[in-house]
Each structure stands twice: as structure tokens, then as C-alpha cells.
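If you want the building blocks of each chain, they are given just below.
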Amino acid sequence: MLELLKGASEAERERLLALEATKLVDSPATEDFDRITRLAAALFNVPTALISLVTHDRQWFKSRVGMEAAETERGAAFCDHTIRSPDVLVVEDAAKDRRFKFNRLVCNQPGIRFYAGAPLITLSGHALGSLCIIDTKPRQLSDGEAAQLKDLAALVMAQIERTVSVGRVHEVTHMPNRAQLRSDLHDLALTADSGARVLALVDIMSGSQVQAALLALGLSALERSVRVIGGRLASLVGSDTTVYHVSETRFAFILNAGQQDEASVKLESLMAQMHEPFKFAGVAFTLEARCGALMFDPAADRGHDLLRMATSALVQAATESAMLRWYASEMDTPHRRAYALVQMLPESLESGEFRLVYQPKLDVTKNRVSGVEALLRWSHPVMGSISPAEFVPAIEKTAAIHQLTEWVLNAALAQNADWQRQGVFITVAVNVSAKNLEAPGFADKVREACDRHHVDPRWLHIECTENSVLTGSRTTETLQSIGKLGVQISLDDFGVGYSNIACLNRLPVSLLKLDRSLIAPIATDFRAWTLAQSLIDFGHCLGYRMLAEGVENAETYKMLVEAGCDAIQGYFVSKPIEASELLPFLRTQMPARLLLS
Ligand code: C2E
Ligand code: MG
Ligand code: MG
């Protein structure tokens, strides 16, 4: 974009950036805009009405009535004149107007003679394009009609502002949200003069304060208090600085930094004021607000996840019960991040940041998908998406894994019940950790969950790694109790752990899942291929069903089918998909895959 703008004047550059920010050009047609052009055509009794947006080289119609082309080159656009005119531009007879008489849209199709366009001007004063009416006969426009056209243009602008702001404001406070902050940081990187800035992230309440307020006041009063406190923070920060509401209780803003010391003084004084008691709903509160801050250079640090870095500093402030902490790269060490993940888990589970995706398992012997594996996904509002490969090992080390596994178990069974109601009967596999199997009563939890969702336990699989099942007698008992319920047990990541076959023999395991690292190289590495074949034969001899994980291409798939592998899982069959995508997948995509077997 900036390349294209090189020759443009400063004002035109700004106008084009404003247009780009709307993301409207080349967006699909919508009824909200089409309604206005239809109304304009009917009101003025003209064959053509357009909402035209003028880009650097063309005019593109966001909505059009009576015009076949979706766009024209800018050189032919009447609207290019309108955006430079302060008022409605009226051309009563284009064939007699020296500006337009040789215009191809006048001389050829559609043969424009009459044109009236009202500029579409943003609140910041940039003309993005026009709302225009066109006729193939000359005519006039009265002052009253010109005023009506302007009114309609104002309606278009209101619709544009609404479209742009949707998804850019926080629903509770109506303050700009995280998406807006990201977009503003992006723009800052492109347009800022050099010089450091500070990104400050303030959490207005501790997790326990949120819990207490929620219990004492209820959700809507809690939201009102967040509105009040957010407003208070914004007034302390000052009206020339935008405050963004980035997650439930967190607010961010950008300061023009001098030195870190100066910024520290400013932020500390601000936080001290946030800590002063204040009254809400007649009750006095003292907030445990914290701030994580980060110095950055907008251009040089482009592409860095600044908000995540500020979050690291904020977590550090909370850990040390400090009002303010500056980001330091050591904060990003994995164990600090792991600590932060564990801290965030309960709140994140509550606020719906977790969901399950489902990866189909192809049963080679039956030539159909007979089950899926439930895999967790965590979309954190500030830290973005966090991989289970990162957060599961961190959470597994703590008691929080019980809450997490229970959540997964219930969500997976609820989903399976829903599929069963739609006539689809497949198994759903849930991954469990060593700590779950060691906990007394885990088998009861599994049974209760199946009862609660009215799912027969035979539609549930439990996946555990071989290392996790070799931890002791409690684990063996749990697995036996689960097995007795009718739940099938699979051994995950088989072939990379201790592979203590003598111990495995005592467990009610029915399926071994050959780890991806053993499967991935078989098409190119003969030793790996020999090993995979031997493991499949070996498993079969001991009475296990064998599944290959991480099958990514047709060649690997065919080799495994030939080697007698019972089931296949991997991107070649399907990546993990959303629950809603499963039924369409089973209906439409499966046959193509099956042809290969
Ligand atoms: P896993 O149980 O062995 O799951 C298989 C992982 O391999 C998944 O990664 C899956 O997306 C990925 N995968 C599947 N097919 C392919 C392929 O063809 N190519 C490649 N490159 N990857 C493939 P994901 O979802 O990131 O999960 C990673 C691990 O996190 C899982 O390994 C499992 O150990 C753990 N995990 C995931 N969800 C849960 C859960 O709900 N509870 C527990 N305790 N652990 C979970
Ligand atoms: Mg698994
Ligand atoms: Mg695995």
C-alpha cells in the first residue's frame, strides 16, 4: 500500500489510508447498503444509483443498482470529482460538460447524461467516495433533492461507521477493544515518526476480587463496575490518550515515552490513584490494580507480540504483588510463562476460552471413520492461541489438570450425545494425564459423566501415554475400573516411551497408537519402515489393534494399509476439525479418501 502511495499528496495518502482502514473495498455486497441504493433509485426515479469508493486507481461499487460493471478505472469516475467537491456535485448534461463530454462512460455504454453525487465524508474529514444517482437523460436536481441526496449519503456514512466499528469496541464498556489496539499498533508501525513508546496494560482487579464481586454483586453489577473503573482509568490517563478495553478486566494504552524513568513516575502515580478507595453502588472498594509496561519502538518492533510481552510484565507484577513491572526478556523464560498459564486456567475455563476440535480416525478394516479424538484449543484474549503441547505439560504438573480433564470429558460427551441425536454413532477419545489416573475416584467421574450425558461408555475412549500408565498400582486399578465400564483404553504415543511390554500386559488396553515420529519417516527411511512394520506385527501378535498417528500423505497411508495397520489418523485423513464440521466431513469428504484404500 505505502509503495502505491508514493506519488500521492499527503492529503490523498491519508484519504487512502482512511479508506483502507474501513476494509470495505472488495468486500461482499450487503443488504444494509443495497437498501440505500434501491431507495435512492426509487426516490429520484433514476435507473442507476451507486455507492462508489475511490481507491488509488479505480472506483469500486460497494452497492449498485442499474450498473453492470462492479468497478471502473479512476480516470473515468465522476465520483473522483465528487470527492474533491465540498458539496453535492451535479452534472445536468454530461454531453455538454467540458469535463465529461469525452468520458467513455458518456460516449459509450452506459451513456451517462445526468449525474449527481454526494461525497461520503468520514468523521475525520476524509472523502471515501460518493453516493450517486445517474440517468441516461439530461435532468436537473432541485435544492430539496440535493438535500435528500446528502441525507442518504449521511445514512451510508453511518452504516460505514457501524460496519467498521463492529468488532472494534468492547461490548461491556464500548471502549475500543483488543482488535482496535492491534490495528492501531499496526498503523503506528507504518506511520509513526521514530521514538520510543510505552504500552501499558492495567488489570483493574485481581482474580479473587473478580470472583468476590461476582458472587456479591452478580454479573451485571460487575460489568457496571468495570465500566465505571474503565472510565476512571481513562480520565486519569487523559483525554488525548486512547484507552483500550482488551479483556474482561484489562485495559491498555500507549504513551509517548521519554525515558523509562519518566514513564515509571507517570505510571506509578496513575496506579497509586487507581488504588485509592472509591465508592460503587454505595460500597467502598480498594482495587488491587496492577500494571505491566513495555518500552517499544513502533517501527523496529513491528511484528513483535507487544501485548503478550506486556502481559508477561503484568503477570510478573501480580506474582510480586507490585503495582508496576516493566517487561524484561527474562520474563519470557518458559517456566515463567508456564506459571502464567497455570494461573490463568480457572478464569479462562470459566470465560469460555477453551473449545474442543475433533480429529477423525479412519478404521481401515471397516473403511469408515469410526471415531474422533477430542483435542483442546485455548484462545486467550490477550496471549492469542496457545498450543496444548505447551499448556498441557504445564497444567499436568498441578492439580488444575483435574478441572481441565473434567471439562474436556464433559464437553466431549455432550458433543457425542449431540451427534448421536443426529443419528451419528462414533467413538470420542479423550486424552487424560497420569495425575488423573492416580487420583482416587477418577473412574467414578468417568461413569458419572457418561450417565450425565446419556452416552453409553462404549462410545468413549480414554487415551493415555505409556509413561503415564506405568506409574503405579493406583493407575492400574483406575484403568481396570474404567475398562469394566466398557470404555476402551488406547495407549498414545506408543513406541517413544519405555515400552515396558510386561507391564502393559496387565492393563486393559485395546489399541496402541504408534507415535507420529515413528510414522512420519517411513516413506523415505527404510529402517523406519521396517520398525513400523515390526511394531504393527508385534502389536497384533499380542492382540492389540494398531493405529498410526500423524499420517500426512497418500504414500505413507498406502504403506500402512499394506502393513495391516487397523486405523489411521493424521492430516491425510483430516486435520482436527470443529464439531460443526464433522457431519459435513462424514457426508462429503470421506468418499474421496476411501478411493485410495
Ligand atoms: P496427541 O494426543 O498425540 O494428539 C495428536 C497431536 O498431533 C495433535 O496435536 C494433533 O493435532 C497432531 N496431529 C494429528 N495429525 C497430525 C499430522 O498428520 N501431522 C502433524 N504434524 N500433526 C498431527 P495437538 O492438538 O497440538 O495436541 C498435542 C498434544 O496435546 C496431544 O498429543 C495430547 O498429548 C495433548 N492434548 C491435546 N488435547 C488434550 C486434552 O484434552 N487433554 C490432555 N491431557 N492432553 C491433551
Ligand atoms: Mg491423543
Ligand atoms: Mg499421540
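Our structure's up above, just so we're on the same page.
Residues numbered from 1 in each chain as written. Chains lettered and ligands numbered in written order. Predicted model: local features only at pLDDT ≥ 70, side-chain atom pairs only at ≥ 80, totals over all residues. Heavy atoms only, no water.

Caption draft 1: Inspection of the environment of serine 348 at higher detail. In this fold, serine 348 is placed in helix α11 (residues 334–350). Dropping the residues within four chain positions of it, serine 348 is found in contact with Glu353, Phe354, Trp378 and His380. Within polar-contact distance, the side chain of serine 348 engages the backbone oxygen of methionine 344 at 3.0 Å. In this structure the side chain of serine 348 is engaged in a polar contact, spanning 2.6 Å, whose partner is the side chain of glutamate 353. (Helix = DSSP H or I, 4+ residues; strand = E, 2+ residues; numbered from the N terminus. Contact = heavy atoms within 4.5 Å. Polar contact = N/O pair within 3.5 Å; in protein donor to acceptor, adjacent residues only side chain to side chain.)

Caption draft 2: Region of interest: the coordination of the magnesium ion (ligand 2). Around the magnesium ion (ligand 2), the donor atoms from the protein are Glu373 (OE), Asn431 (OD1), Glu463 (OE) and Asp492 (OD), and they sit 2.0 to 2.3 Å away. Sequence spacing of the donors to the magnesium ion (ligand 2): E-x57-N-x31-E-x28-D. In this structure, the magnesium ion (ligand 2) lies 4.2 Å away from the magnesium ion (ligand 3), the two metals sharing aspartate 492 as a donor. Of the two residues, glutamate 373 sits in strand β15 (residues 368–380) while glutamate 463 sits in strand β18 (residues 460–465), which places them 90 residues apart along the sequence. Residues glutamate 373 and glutamate 463 agree in their burial class; the two are buried. (Donors = N, O, S within 2.8 Å, 3.2 Å for Na, K, Ca; no water. Buried < 20%, exposed > 50% of the residue type's maximum accessible area, 1.4 Å probe, protein only.)

Caption draft 3: Layout of the coordination of the magnesium ion (ligand 3). Taken together, the protein donors to the magnesium ion (ligand 3) comprise Asp492 (OD), Asp493 (OD), Glu549 (OE) and Glu549 (OE), at separations of 2.1 to 2.6 Å. Judged by relative accessible area, which is 26%, aspartate 493 ranks as partly exposed.

Caption draft 4: Seen up close, the pattern of salt bridges. One pass over the full model with this rule turns up 28 salt bridges. Put simply, glutamate 71 and arginine 58 hold a salt bridge, and the shortest N to O gap is 2.5 Å. Here glutamate 71 is found in strand β3 (residues 71–73), whereas its partner arginine 58 is found in strand β2 (residues 58–65), with 13 residues between them in sequence. For lysine 513, the salt bridge goes to glutamate 549, with nearest N and O atoms at 3.7 Å. With lysine 513 in strand β20 (residues 509–514) and glutamate 549 in the loop between β21 (545–548) and α21 (554–562), this pair connects stretches of sequence that are 36 residues apart. Residue lysine 513 is classed as buried on the basis of its relative accessible area of 0%. Accessibility expressed as a relative area gives 11% for glutamate 549, which makes it buried. Each of Glu12, Arg15, Arg74, Asp80 and Arg84 takes part in salt bridges that share partners, so that together they form one network. (Salt bridge = Lys/Arg side-chain N within 4 Å of Asp/Glu carboxyl O.)

Caption draft 5: Structural detail: the sheet that holds strand β12 (residues 290–296). Across the sheet, which stays open at both edges, the 5 strands sit in the order β8-β9-β7-β12-β13 with mixed pairing between neighbours. The sheet terminates laterally at β8 (243–247) and β13 (324–326), the two strands that pair on one side only. Taking each pair of neighbouring strands and ignoring which way they run, the sheet shows an average axis angle of 25°. The sheet contact formed by β8 and strand β9 (residues 250–256) spans 4 bridges and is antiparallel. Bridge assignment links tyrosine 244 to a residue of β9, and that residue is alanine 252. Against the sheet, helix α6 (residues 178–191) engages β7 (197–203), β8, β9 and β12, with an angle of about 125° to β8. Here helix α8 (residues 219–237) sits on the sheet and contacts β7, β8 and β9; the angle it forms with β9, its principal contact strand, is near 10°. (Pairing = 2+ DSSP bridges. Axes fitted to C-alpha atoms, helices over the stretch in contact; angles between N-to-C directions.)

Caption draft 6: Summary view of the packing of helix α2 (residues 31–44) against helix α5 (residues 143–165). Where α2 meets α5, the axes come as close as 10 Å, and the angle between the chain directions of the two elements is 175°. Viewed along their axes, α2 and α5 adopt a mutual orientation that is roughly antiparallel. Every residue of α5 that contacts α2 at Asp32, Phe33, Ile36, Leu39, Ala40, Leu43 and Phe44 is listed here: Glu145, Gln148, Leu149, Leu152, Leu155, Val156, Gln159, Ile160 and Thr163. Its residues assigned to classes, the contact of α2 with α5 comprises 11 nonpolar, 3 polar and 2 charged. (Parallel < 35°, antiparallel > 145°, perpendicular 65-115°, else oblique. Nonpolar A, V, L, I, M, F, W, Y, C, P; charged D, E, K, R; others polar.)

Caption draft 7: Main features of the sheet that holds strand β4 (residues 89–91). Spatially, the 6 strands line up as an open sheet ordered β3-β2-β1-β6-β5-β4, and their pairing is antiparallel. Only two strands of the sheet have a single partner each, and these edge strands are β3 and β4. Strand after strand, the sheet turns through a mean of 25° between neighbouring axes, direction not considered. Where strand β1 (residues 48–54) meets β2, 6 bridges bridge the pair, whose relative direction is antiparallel. Residue pairing in the sheet places valine 54 in a bridge with glutamine 59 of β2. Strands in contact with helix α1 (residues 10–22) are β1 and β6 (127–135); relative to β6, the strand with the most contacts, it is inclined by about 80°. Set on the sheet, α5 makes contact with β1, β5 (114–121) and β6; between it and β5 the angle comes to about 40°.

Function cannot be read off these values alone, since they describe shape.
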